[in-house]
Amino acid sequence: NAGVTQTPKFQVLKTGQSMTLQCAQDMNHNSMYWYRQDPGMGLRLIYYSASEGTTDKGEVPNGYNVSRLNKREFSLRLESAAPSQTSVYFCASSDLGIDEQYFGPGTRLTVT
Amino acid sequence: EDQVTQSPEALRLQEGESSSLNCSYTVSGLRGLFWYRQDPGKGPEFLFTLYSAGEEKEKERLKATLTKKESFLHITAPKPEDSATYLCAVTGANSKLTFGKGITLSVRP
């Protein structure tokens, strides 16, 4: 039982490049989330998917897109990376929206 | 807008020196208050969920309590392995999790 997995662990991009962060969970959870964590800012919600087939914006969605590929997988895409998107990105999942969330190990992204 | 404030920002304790971490919150229709532990370079690890004022939960040296305005994470006789950042978060009527900035705990042997 791996829980929540994320790939890649580290990534360096140049301004304007695109990339997709992958997330998968094996707990049969309905809801999945993408957060970013910056020093002094805490965890902020980028997008979430309450159930398969639905996605909604969180607190900081600009510059990102998401895809809920199936019940297990939820990807985050940066179409044109900017230095302001340098951060650590965490994927999480929960059975229902009000339940505790389980987090992946994170992706450390640097945009130069 | 839901808000979570954690204090102090950092706490240094001697091994065995008990203390408490504070989480103050404002939320529209509290549905749950959560405590997480985060080690450097890792994702947050779930510790507790509290649902209503007066509720308490314990796990090893940790005990979480909840009132209508705040939650405390009490650490009894801490050990160096308890060193981590402790995050508090709330879910309200919008079912979205709002996090505080965390408290970095260091326990010296």
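Notes on the structure in this doc start here. (Residues numbered from 1 in each chain as written. Chains lettered and ligands numbered in written order. Predicted model: local features only at pLDDT ≥ 70, side-chain atom pairs only at ≥ 80, totals over all residues. Heavy atoms only, no water.)

As for the overall build of chain A
Consideration 1: For chain A, the helix and strand inventory stands at 0 helices and 11 strands.
Consideration 2: The N-to-C order of helical and strand elements in chain A reads β-β-β-β-β-β-β-β-β-β-β.
Consideration 3: For chain A, the C-alpha radius of gyration of 13 Å lies close to 13 Å, the compact-globule estimate for 112 residues.
Consideration 4: Split into buried and exposed, the 112 residues of chain A put 49% on the buried side.
Consideration 5: Carbon and sulfur atoms make up 50% of the accessible area of chain A, which amounts to about 5200 Å² in all. (Helix = DSSP H or I, 4+ residues; strand = E, 2+ residues; numbered from the N terminus. Rg over C-alpha atoms; globule rule 2.2 N^0.38 Å. Buried < 20%, exposed > 50% of the residue type's maximum accessible area, 1.4 Å probe, protein only. Areas by Shrake-Rupley, 256 points an atom, 1.4 Å probe, with all protein chains shown as cover.)

Details of the pairing of strand β4 (residues 32-38) of chain B
Residues and elements named next belong to chain B.
Consideration 1: Taking burial as the measure, the 7 residues of β4 include 7 buried ones, the bulk of the element.
Consideration 2: As paired elements, β4 and strand β9 (residues 84-91) share 7 bridges and run antiparallel to each other. Residue pairing in the sheet places Phe 34 in a bridge with Ala 89 of β9.
Consideration 3: Bridging between β4 and strand β5 (residues 45-50) involves 5 bridges; their strand directions are antiparallel. Following the sheet pairing, Phe 34 is matched in β5 by Thr 49.
Consideration 4: Following β4, the chain reverses through 6 residues before pairing antiparallel with β5; Gly 41 in that reversal takes a positive phi of roughly 75°. (Pairing = 2+ DSSP bridges.)

Looking at the environment of Lys 63 of chain B
Residues and elements named next belong to chain B.
Consideration 1: Tracing the backbone shows Lys 63 in strand β7 (residues 62-66).
Consideration 2: With relative accessibility at 28%, the residue Lys 63 sits in the partly exposed group.
Consideration 3: Separated by 32 residues in sequence, Lys 63 and Arg 31 have C-alpha atoms that sit 20 Å apart.
Consideration 4: Not counting chain neighbours up to four residues away, the residues in contact with Lys 63 comprise Glu 56, Lys 57, Glu 58, Phe 72, Leu 73 and His 74.
Consideration 5: Within polar-contact distance, the side chain of Lys 63 engages the side chain of Glu 56 at 3.3 Å. (Contact = heavy atoms within 4.5 Å. Polar contact = N/O pair within 3.5 Å; in protein donor to acceptor, adjacent residues only side chain to side chain.)

Observations regarding the state of the cysteines
Residues and elements named next belong to chain A.
Consideration 1: Counted according to the given criterion, the structure contains 2 disulfides over all chains.
Consideration 2: The side chain of Cys 23 participates in a disulfide bridge whose partner is Cys 91; the two sulfur atoms lie 1.9 Å from each other. The chirality of the disulfide connecting Cys 23 with Cys 91 is left-handed, given an S-S dihedral of about -70°. One end of the pair, Cys 23, is in strand β3 (residues 19-25); the other, Cys 91, is in strand β9 (residues 87-94), and 68 residues separate them in sequence. (Disulfide = S-S within 2.5 Å.)

Concerning the sheet that holds β3 of chain A
Note: strands within a sheet are paired through backbone hydrogen bonds, in either parallel or antiparallel orientation.
Residues and elements named next belong to chain A.
Consideration 1: Read from one edge to the other, the open sheet built from 4 strands follows the order β1-β3-β8-β7, with strand pairing classed as antiparallel. Each edge of the open sheet is held by one strand with a lone partner, namely β1 (4-7) and β7 (64-68). Going across the sheet, the axis of each strand differs from the next one's by a mean of 20°, ignoring polarity.
Consideration 2: Strand direction decides the pairing type here: β3 and strand β8 (residues 74-78), joined by 3 bridges, are antiparallel. (Axes fitted to C-alpha atoms, helices over the stretch in contact; angles between N-to-C directions.)

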